[in-house]
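Report on the structure
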Protein chains: 4
Amino acid sequence: MLSVAVIGYGYWGPNLVRNFASIKEARVAAVCDQRPERLESVRSLYPAVKTTTEYAEVLDDAGIDAIVIATPVSSHYALASAAFKAGKHVWLEKPMTAGAEEAVRLIAEARQARRLLHVDHTFIYTGAVRKIRELVAGGEIGDVYYYDSARVNLGLFQHDVNVIWDLAVHDLSIVDHVLGARPIGVSATGVAHVNGNHANIAYLTLFFKNSLIAHFHVNWLAPVKLRQTLIGGSKKMIVWDDLEPSEKVKVYDKGITLSDDDSVHKARIGYRSGDMWAPRIDATEALRDEAQHFAACVAAGKPTITDGYAGLRVVEIAEAATRSLDANGQMVRLELQKDAE
Amino acid sequence: MLSVAVIGYGYWGPNLVRNFASIKEARVAAVCDQRPERLESVRSLYPAVKTTTEYAEVLDDAGIDAIVIATPVSSHYALASAAFKAGKHVWLEKPMTAGAEEAVRLIAEARQARRLLHVDHTFIYTGAVRKIRELVAGGEIGDVYYYDSARVNLGLFQHDVNVIWDLAVHDLSIVDHVLGARPIGVSATGVAHVNGNHANIAYLTLFFKNSLIAHFHVNWLAPVKLRQTLIGGSKKMIVWDDLEPSEKVKVYDKGITLSDDDSVHKARIGYRSGDMWAPRIDATEALRDEAQHFAACVAAGKPTITDGYAGLRVVEIAEAATRSLDANGQMVRLELQKDAE
Amino acid sequence: MLSVAVIGYGYWGPNLVRNFASIKEARVAAVCDQRPERLESVRSLYPAVKTTTEYAEVLDDAGIDAIVIATPVSSHYALASAAFKAGKHVWLEKPMTAGAEEAVRLIAEARQARRLLHVDHTFIYTGAVRKIRELVAGGEIGDVYYYDSARVNLGLFQHDVNVIWDLAVHDLSIVDHVLGARPIGVSATGVAHVNGNHANIAYLTLFFKNSLIAHFHVNWLAPVKLRQTLIGGSKKMIVWDDLEPSEKVKVYDKGITLSDDDSVHKARIGYRSGDMWAPRIDATEALRDEAQHFAACVAAGKPTITDGYAGLRVVEIAEAATRSLDANGQMVRLELQKDAE
Amino acid sequence: MLSVAVIGYGYWGPNLVRNFASIKEARVAAVCDQRPERLESVRSLYPAVKTTTEYAEVLDDAGIDAIVIATPVSSHYALASAAFKAGKHVWLEKPMTAGAEEAVRLIAEARQARRLLHVDHTFIYTGAVRKIRELVAGGEIGDVYYYDSARVNLGLFQHDVNVIWDLAVHDLSIVDHVLGARPIGVSATGVAHVNGNHANIAYLTLFFKNSLIAHFHVNWLAPVKLRQTLIGGSKKMIVWDDLEPSEKVKVYDKGITLSDDDSVHKARIGYRSGDMWAPRIDATEALRDEAQHFAACVAAGKPTITDGYAGLRVVEIAEAATRSLDANGQMVRLELQKDAE
């Protein structure tokens, strides 16, 4: 049984502790946070879990196999690096690091330490994303034309990163996983509405080879919560509304048809409209499945499906997007490092 | 009573004829279209209306006061110019012209002919947009932070223009009217999924002075129809869903609050969530109100609220956006001509 | 080509005229209404249609084949009876008559005159109801357990009948057509909120043999418009929301499973939840299809699918439901006359 | 601090334990259930809570002040009665008892023991119901014309009671609290679709003095979950959708207007349509507020707002409704006992 320590018990930490505590493949041995009142909260719910404000104590504990890091992103590299030095496996919250350089170094350090480096791209483990990937990979929707997402709500302004690093990172990880294609450039626009803060609204366009395009609208200052994705394909199209209690993913048998129109040497466009179908979506909590996957990969010595390379690919794009945003939308080319796999 | 001739009886022409026929301030004297089968359709519904395939006949008819032009945009300039020469008032469908240069010339020709030049930005005359403008102008939502719109559906691919000139022109005219501010630059991305065709999906960002930003998603290849607009303000926020049968406009008493946080010399952000309110929206058909407004302005010799200058402002941005789209999002600065008003 | 006269140009009359005018199988020869201002409205839209305030004129016109009656229900019997005497075919708006006795007499008079008697149960001709009937008849949903409908909105209080005769008649005709089963009793409750008026809110339960049950909520005084139907079956279940622009009919692969539980001699109930599927629904205007069906049946000398017997079955239940409503829900047994077919 | 024991750790028990454990006014001293595996689950989450399969142990424990009973309804009377004999306060899940007679006896036993008898009508403590009651009591919606609710979903068939006793009891308690009026009769229809089981679908009409009417649709066999309530008033109307994440309660400034129409000695009905308003709803978990209210009332020696009388009123109607259902909708008069208060 995998013994984990969770570092950082803020917004996401409680979910990590709850899920690792509920699966039989792992146990939560310790929780570390610099705020004593947060540890108090851990103790009242989980009397058997050791709590500490000292990270070193956790690293020194030979009974702990893996470190689950849920702290602000600026601390990710240092905490993970120390964990590898101490011979621990690492689970890092998204975004993996504050920049690509740190990500590359962490991948190398994990390899050197022969330890697992996992990045928590939670959405990859949801029933909805698994179903969408299956539909795309199985050819059901044909060639993918575009991926369009709106991820907006009010709240949770982050102090250390802009909205791209917080919300768009979800979309970047999903697109990376679902489309299996690497963008060749990114254009981003956005603005900060609070003086001295990072951009709280941003729009990203990812350019791919061929005519595939992806676009994300991310916004911390919206009156309503939206989690809406459109995926257009040559055969079918998908609408994914993650806020729907059921029927999250709808597949539309709709599209255009092209026929030659000799008189003008142009394709004549027709429209096709058929049935809609909402496949049953597995409702298991994604984090639970992900925790089990992590424990199984540690046991087997195999990388998780959202490993350091997946984390790096996302960070590279977020970094480029931030540069584009600062340049009012000018495209930043992505010459992504080849996966070492 | 204003006597009008409608030129072009395709998709929008029937709506124009029906509305001009139904108001007592005007009558439809003639309909002109090059396709005899379209005129057949006019005659069966409106036996009293004269039909012709010859534009010259309409221009020569001294009984006709105004020409309503609903033809493809490439023909707008020539048809309107000839109308002014014949001493007619002109109602032009949106977009006003295929480029800013033509728009500038038409404005001059209208002035010289002392005739009215009206551009059919229909949305400006809807109850929803009138209410939103009232809320913004009245200070109800405070400083406007952003305007975000999704206008997507399947169908009506245009052959002569890209999706910006078709769908985004609506948003450009609404933003021009509602915000009363002129953008200083535009960044656009998009792609064509049909070989040899114009872009069928596009994303536009308009930059304004201060931190106001506007963004439009326009798409001819979407599985569902969306007409969804978010407007964020410092006091309140608006959600406008034009497909809602009633309650199209919702005003949310939501937002952020800022308080000084001396320890870090940064604003501390709080969140505020109050009631929602959906004002009753006038459900009169916009085109009917607009036709009456046009007739009244002709009678009074005064410009309509969507005159040639309004049309020009929209065309200038659409033109710049198309250039930005071709440059993968690089911002194109807008040095808009001063209104001659 | 069938030549029809439309009697009554109030709320529904214009739809009848428009549809009969638009099909090639029929023409509108005349419109009759006692209100001259309504006839004025006909003349401005249809200059070729003869208008009159005198019903006798229409009956005397040998060029007219069929009479389409869209007047208040209290006048239905007398108008239709006179039409049969004049040798005309008859299209009657729903409800067919003010009571079952009149309906029985009309059926006899139509037979004697050898003329067609059609009742306008428009919903039967919609794409949604046709699809639902196909699903039920094809065994797709298994045994039907219940049919539940809410048909509520604000407005159109009728002076001469209660809400059952106005709104529930739609549901009664749909159930008659879709389930193909005859209820054995009806229980109804309801109340009038305007002094001296008929009930404006009513609830009807239809009892069938076996455990099939149908229930309708009809209401003229609701803040929102609802047209929502649930159909539960042993295999699948249907949700029909007639206000959805597309995806009106959704088929859920959901239900219960029963297994023996010997310990308690009772069935153990399990739950099954699979995909949802929204078949494409034909969007043709129902009234247009119905007008064509009527014209074709007149030509062929065959009854329409909503003939006098269908009208009678609905009227019998509405009559019994009104009696039950007056008796605070006490069930009224239905000993329906056998169809003479 | 109030020390409670929770009896029955099935579907609702965990929510009771979690909420009593989270408030500072109370503590969970013990959990009792006959199924050892359920107690195992308690121990893993709450190591400090005593667990037992023996109710007597709990009653004998002088350190326990109150018994929270969340067992099948058939056991409610015996368990509560024993608790009063042991000098404990009692919190009973809804429905209070399996019949009115038991409820009357429990009220008497509580009085004799000078202990509190509380019935868990949870909805009364939600922000939505509190807001609706405020709107009704404050006269905002005028005279209440009707209350209409649909409470349907798939699942949780109960073996010992019909759907009225499970789902409609919620609506009965809400109407009792919100309208503050007592029905004079009830008509119910429904049917069982599983052989040997109780009715799984039911429709209830409550008759009140004047023209107020209430109706509930409850259904365990529906393809979708609905929690939708319409409340019609002479001034305004309310739509309450409890599944909406926010904007649960919408107030419509809509209705009819009456004016004298001398010609026919009847009221002429007009329609009024104004703004819609969605007040902010307190999102605190109702059960938490209710637990605090219970603890405070025990401390103060005062009855809770959902005391034994409230429980009795609901049980009396459920009992009458079941009789009416068996009689196919025949109204059962309610000659409710006067409150002893």
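Just above sits the structure.
Residues numbered from 1 in each chain as written. Chains lettered and ligands numbered in written order. Predicted model: local features only at pLDDT ≥ 70, side-chain atom pairs only at ≥ 80, totals over all residues. Heavy atoms only, no water.

Moving on: the overall build of chain A. For chain A, the helix and strand inventory stands at 9 helices and 15 strands. For 341 residues, the compact-globule formula gives about 20 Å, and the C-alpha radius of gyration of chain A, at 21 Å, lands near that figure. Taken along the three principal axes of its C-alpha coordinates, chain A extends 80 × 45 × 40 Å. A burial count over chain A gives 61% of its 341 residues as buried. As displayed, chain A offers around 13600 Å² of accessible surface, 49% of which is attributable to carbon and sulfur atoms. With 37 positive and 42 negative side-chain charges, chain A shows a separation of 3 Å between the mean positions of the two kinds. (Helix = DSSP H or I, 4+ residues; strand = E, 2+ residues; numbered from the N terminus. Rg over C-alpha atoms; globule rule 2.2 N^0.38 Å. Buried < 20%, exposed > 50% of the residue type's maximum accessible area, 1.4 Å probe, protein only. Areas by Shrake-Rupley, 256 points an atom, 1.4 Å probe, with all protein chains shown as cover. Lys, Arg positive; Asp, Glu negative; His and termini not counted. Charge placed at Lys NZ, Arg CZ, Asp CG, Glu CD.)

Quick look at the interface of chain B and chain A now. Counting residues at the interface gives 51 residues for chain B, matched by 51 residues for chain A. Run the count over chain B and chain A and you get 0 salt bridges. Joining chain B to chain A, the criterion identifies 19 residue pairs in polar contact (both at pLDDT 80 or more). In terms of residue count, strand S11 (residues 221–233) of chain B provides more of the side of chain B that touches chain A than any other element does, 7 residues in total. Residue classes in the side of chain B that touches chain A are distributed as 29 nonpolar, 18 polar and 4 charged. (Contact = heavy atoms within 4.5 Å. Salt bridge = Lys/Arg side-chain N within 4 Å of Asp/Glu carboxyl O. Polar contact = N/O pair within 3.5 Å; in protein donor to acceptor, adjacent residues only side chain to side chain. Nonpolar A, V, L, I, M, F, W, Y, C, P; charged D, E, K, R; others polar.)

Residue and element names in this part refer to chain B. The end-to-end C-alpha distance of helix H5 (residues 100–113), which contains 14 residues, comes to 20 Å, matching closely the 20 Å that a straight helix rising 1.5 Å per residue would cover. Restricting attention to buried positions, one finds in H5 the residues Ala100, Ala103, Leu106, Ile107, Glu109 and Ala110. Elements in contact with the buried residues of H5: helix H4 (76–85), strand S5 (89–93), strand S6 (117–120) and helix H9 (308–326). One or two steps after H5, the chain reaches Arg114, where phi turns positive at roughly 55°. (Expected span 1.5 Å × (residues − 1).)

Further remarks concern the packing of aromatic side chains. All names here are of chain A. Enumeration over the complete set of coordinates arrives at 32 aromatic pairs over all chains. On the numbers, 6.2 Å between centres and 85° between planes, the contact of Tyr147 with Phe216 is edge-to-face. With a gap of 69 residues between them, Tyr147 in strand S7 (residues 144–154) and Phe216 in strand S10 (residues 213–219) connect regions that are remote in the sequence. Residue Tyr147 shares its accessibility class with Phe216, and that shared class is buried. An aromatic cluster is built from Phe20, Trp91 and Phe294, whose rings are joined through pairwise contacts. The aromatic ring of Phe123 is capped on one face by Arg151, whose charged end is 4.7 Å from the ring centroid. (Phe/Tyr/Trp six-rings, centres within 6.5 Å; stacked < 30°, edge-to-face > 60°. Lys NZ or Arg CZ within 6 Å of the ring centre and 35° of its normal.)

Time to look at the side chain of Thr306 of chain D. Along the chain, the position of Thr306 of chain D falls in the loop between helix H8 (286–300) and helix H9 (308–326). Setting aside its immediate chain neighbours within four residues, Thr306 of chain D contacts His118, Val119, His121, Ile124 and Tyr125 of chain D.

Let us look at the sheet that holds strand S3 (residues 50–52) of chain B. Residues and elements named next belong to chain B. With parallel pairing, the 6 strands of this open sheet are ordered in space as S3-S2-S1-S4-S5-S6. Across the chains shown, the open sheet's two edge strands, defined by having one partner strand only, are S3 and S6. Each neighbouring strand pair of the sheet contributes to a mean axis angle of 25°, computed without reference to strand direction. Two elements, strand S1 (residues 2–7) and strand S2 (residues 26–32), share 6 bridges in a ladder whose sense is parallel. When the bridges of S2 are listed, Val6 appears paired with Val31. Against the sheet, helix H1 (residues 13–22) touches S1, S2, strand S4 (66–69), S5 and S6, its axis set at about 150° to S2. (Pairing = 2+ DSSP bridges. Axes fitted to C-alpha atoms, helices over the stretch in contact; angles between N-to-C directions.)

Take the relation of the copies chain B and chain A next. The two copies are related by a screw motion: chain B maps onto chain A through a turn of 180° and a shift of 0.0 Å along the axis, at an RMSD of 0.0 Å. The transformation just described matches what one would write down for a two-fold rotation axis. In terms of C-alpha distance to the rotation axis, chain B has Gln330 of chain B as its closest residue, with the C-alpha 2.1 Å off the axis. (Least-squares fit on C-alpha atoms with pLDDT ≥ 70 in both.)

Residue and element names in this part refer to chain D. Pairing is parallel in the open sheet, where 6 strands are placed in the order S3-S2-S1-S4-S5-S6. At either end of the open sheet lies a strand with only one pairing partner, and these are strand S3 (50–52) and strand S6 (117–120). When strand polarity is set aside, the average angle formed by the axes of neighbouring strands in this sheet is 25°. Judged from the 4 bridges that link them, strand S4 (residues 66–69) and strand S5 (residues 89–93) form a sheet pairing that is parallel.

As a further point, take the interface of chain D and chain B. Facing 11 residues of chain D, the contacting portion of chain B comprises 11 residues. When chain D packs against chain B, the two sides together hide about 960 Å² of surface, and 44% of this comes from carbon and sulfur. Between the two partners, chain D and chain B, sit 0 salt bridges. On the surface where chain D and chain B come into contact, there are 10 residue pairs in polar contact (both at pLDDT 80 or more). Broken down by secondary-structure element, the contributors of at least two residues to the side of chain D that touches chain B are strand S13 (249–261) and strand S14 (266–278) of chain D. (Buried area = accessible area lost by both parts, 1.4 Å probe.)

Just distances and angles here, no functional claims.
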